[in-house]
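Fold and contact review
This is what each chain is made of:
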Amino acid sequence: MTFRIHVTGAAAQAVESVVPQLVADRVASGITAQDPALWGPAAEPEAAKRLGWTEAVAISRPLVAEIVALREQLHAKGVNHIVLGGMGGSSLAPEVITRTAEAELTVLDSTDPGQVLSALRDRLQATAVVISSKSGSTLETDSQKRVYEKWFRDAGIDPTERIVVVTDPGSPLDQSAREAGYRVFNADPNVGGRYSALTAFGLVPSGLAGVDISELLDEAEATLIELAVDNKANPGLVLGAAIAGTNPLKDKLGIVADGTHIVGFADWAEQLIAESTGKNGTGLLPVVLDTLAPDLTSKPADLQVVRLVANAEARHLFPSDRHEGEILVSGSLGAQLIVWEYAVAVAGRLLGINPFDQPDVEAAKVAARALLENRPEPVPPAFTAGGVEVRTTGSFLGDASTLDGAVDALLAQLGPDGYVSVQAYVDRLALPQLAGIRDLLAAKAGRPVTFGWGPRFLHSTGQFHKGGPAVGVFLQITAVAPEDLEIPGRPFTFGQLIQAQAAGDASVLGEHGRPVLTLTLSNPEADVVSLFEAVN
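A brief report on the enclosed structure follows. Here the residue numbering is sequential within each chain, running from 1 through the sequence in written order. For a predicted model such as this one, the threshold for reporting local features is a pLDDT of at least 70, and the threshold for listing and counting side-chain atom pairs is 80 or more; totals across whole chains, interfaces and linings nevertheless cover every residue. Note that the side-chain values use all heavy atoms of the structure and ignore hydrogens as well as water.

Side note on empty space enclosed by the protein
Worth spelling out the cut-off: In this analysis the probe radius is 1.4 Å and the grid spacing 1 Å, with only protein atoms considered; a cavity is a set of points the probe fits into but cannot get out of, a pocket is an open set with protein on both sides within 12 Å along at least five of seven lines, and lining residues have an atom within 4 Å of a point. Grid points are joined across faces, edges and corners, and a volume is the space filled by probe spheres set on the points. Classes in brief: Ala, Val, Leu, Ile, Met, Phe, Trp, Tyr, Cys and Pro nonpolar; Asp, Glu, Lys and Arg charged; the others, Gly included, polar.
Applying the stated rule across the entire model yields one cavity of 30 Å³ or more. Put simply, the largest cavity is a space of about 40 Å³. If you go around the largest cavity, the residues you meet are D109, S110, Q115, V426, R428, W453, G454, P455 and R456. Along the lines of polarity and charge, the residues of the lining of the largest cavity split into three nonpolar, three polar and three charged.

Quick notes on the side chain of T8
This is how the line gets drawn: Under the DSSP-based scheme used, a helix requires at least four consecutive residues in state H or I and a strand at least two consecutive residues in state E, with every element numbered from the N terminus. Note on classification: 1.4 Å probe, protein chains only; a residue is buried when its accessible area is under 20% of the maximum for its type, exposed when over 50%, partly exposed between these limits. Whenever two N or O atoms come within 3.5 Å, that pair is a polar contact, provided that in protein one can donate a hydrogen and the other can accept it, and provided that, for residues adjacent in sequence, both atoms are side-chain atoms. By definition in these notes, contact holds between two residues if any of their heavy atoms fall within 4.5 Å.
Looking at where T8 falls in the secondary structure, it is placed in the loop between β1 (3-7) and α1 (9-24). Relative accessible area serves as the criterion here: at 15%, T8 is assigned to the buried category. Here the side chain of T8 touches G325 through a polar contact of 2.6 Å, landing on its backbone nitrogen. Ignoring sequence-local partners within four residues, the contact set of T8 consists of H323, E324, G325 and E326.

Focus: the pattern of salt bridges
Selection criterion: What counts as a salt bridge is simple: a side-chain nitrogen of Lys or Arg found within 4 Å of a carboxyl oxygen of Asp or Glu.
For the structure on display, the rule yields 31 salt bridges. Salt-bridge contacts for E326 lead to R307; the nearest nitrogen and oxygen are separated by 2.8 Å. One end of the pair, E326, is in the loop between α14 (320-323) and β10 (327-331); the other, R307, is in strand β9 (residues 303-309), with 19 residues separating them in the sequence. With relative accessibility at 4%, the residue E326 sits in the buried group.

What about the environment of I262?
Turning to its location among the elements, I262 is positioned in the loop between β7 (252-258) and α12 (265-277). The exposure class assigned to I262 is buried, which follows from its relative accessible area of 3%. C-alpha separation for the pair I262 and T100, spaced 162 residues apart in sequence, amounts to 5.1 Å. Excluding residues that lie within four positions of it along the chain, I262 makes contacts with V96, T100, G331, S332, L333 and Q336.

Notes on the pairing of strand β6 (residues 183-186)
Using the following cut-off: Strands are labelled as partners when DSSP assigns at least two bridges between them. Classification remark: right-handed applies to a crossover when, strands pointing away from the viewer, the course from the first strand over the helix to the second runs clockwise.
Pairing of strand β5 (residues 163-167) with β6 involves four bridges; the strand directions are parallel. Paired with T167 across the two strands is N186, which belongs to β6. Crossover handedness for the path β5 to helix α8 (residues 172-180) to β6: right-handed.

Okay, here's the thing in structure tokens:
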């Protein structure tokens, strides 16, 4: 077995009560057979064209030799630095695959000008860029492609020799890239972005970066037989029941890595779970935790902890007083990827939702485009504390006039089943310490807190924020970029784009009745200190 799971407490009760019915309904074999009726009549049209991931291993095999051959061609020309321009599922799977394999991949999943410039200035002469977009019309990746084309040309490099495109067949990007002479890899169009880890979207950048992608496919293939069989030991059924079958539902999923060889898996699982389940007022909120997270001590009643471990069956390593009630999972990366995809599809059935659509993702994109086209004057801040401008949706600030007062006013909007979402629209290379705010807020609020780098989370957890339970409060952190960057052929810059994305998302959240506190750092490196003091 390449995947193991151990459940206790409410998760074990869920498995005992739910899995027999899943077996009787032949859900596992139905998923493998790509039966779109498993999620109800309303979901059937979408599900009918989104189940190709169940056969991704077989479909992707022929790609391996092509990817390896291209990698060798690039190496022969002295090109050994791979940059990935992609968002959401297009970037999160390659990130976990390469980090786990200790292969270098620069993941450019941001529109922050500082982060884009850091990538552009890093070994351009030895760089190849993978531009990944399922739809072929993703604004962020189009912008990244445009700026790399310019920088390559300015350096005397033919962009068609350095840019590789991954997209669905027939997409606008597929057509334009082929006409321009770029190397194009097509992915299976019957796979949604967040389920695309074992398709060209996951394999092309990972393989070019040096990962043994054939071994990754072998790992996934080794567990496919278990996943297809309708029996009570099926890991996809067990995990799906454990995360979505508790009664009452523990709808916050704390995902923590504890001694596993897999690096960054929780970030990939976060987008798979949140975007698949967060809709129609329901859903499972994934919360990425480290081993010392305060949430693991306070243990909110609605938090179900899933712990990735080296061996889920070595129960003597996990004293019951510490891990009772947790879900322990272990296995190879390939096995984890495919089991979690099955489990989340099962969770969708248990929750009564369609796990393959994302009805609320487009709203923030539309709002951002409108702001870019109309360029309204910025909304004046409610007040400025030091160099930090304070804005809100709604009127929850009251008479607060300090940063800590504003944060306290936001947290006062939290209900007993609520959560806090921190959204950092900043250069994560320059301000990595901002991620530490999550633990401070979790300790202060006593409730689950998520942390996302903007704008990448818009393509994943952004769906849950609008479509899931209306119990979230939102802390947006934006920054004035020290240096901006033009987007060739566009009437706006990267700095203007990321600000529009933040403002657009805040406006949509406000329209959904979600409280948003936006803190804009005028001098990011200095103002971070004030920010930490405010949330401590």
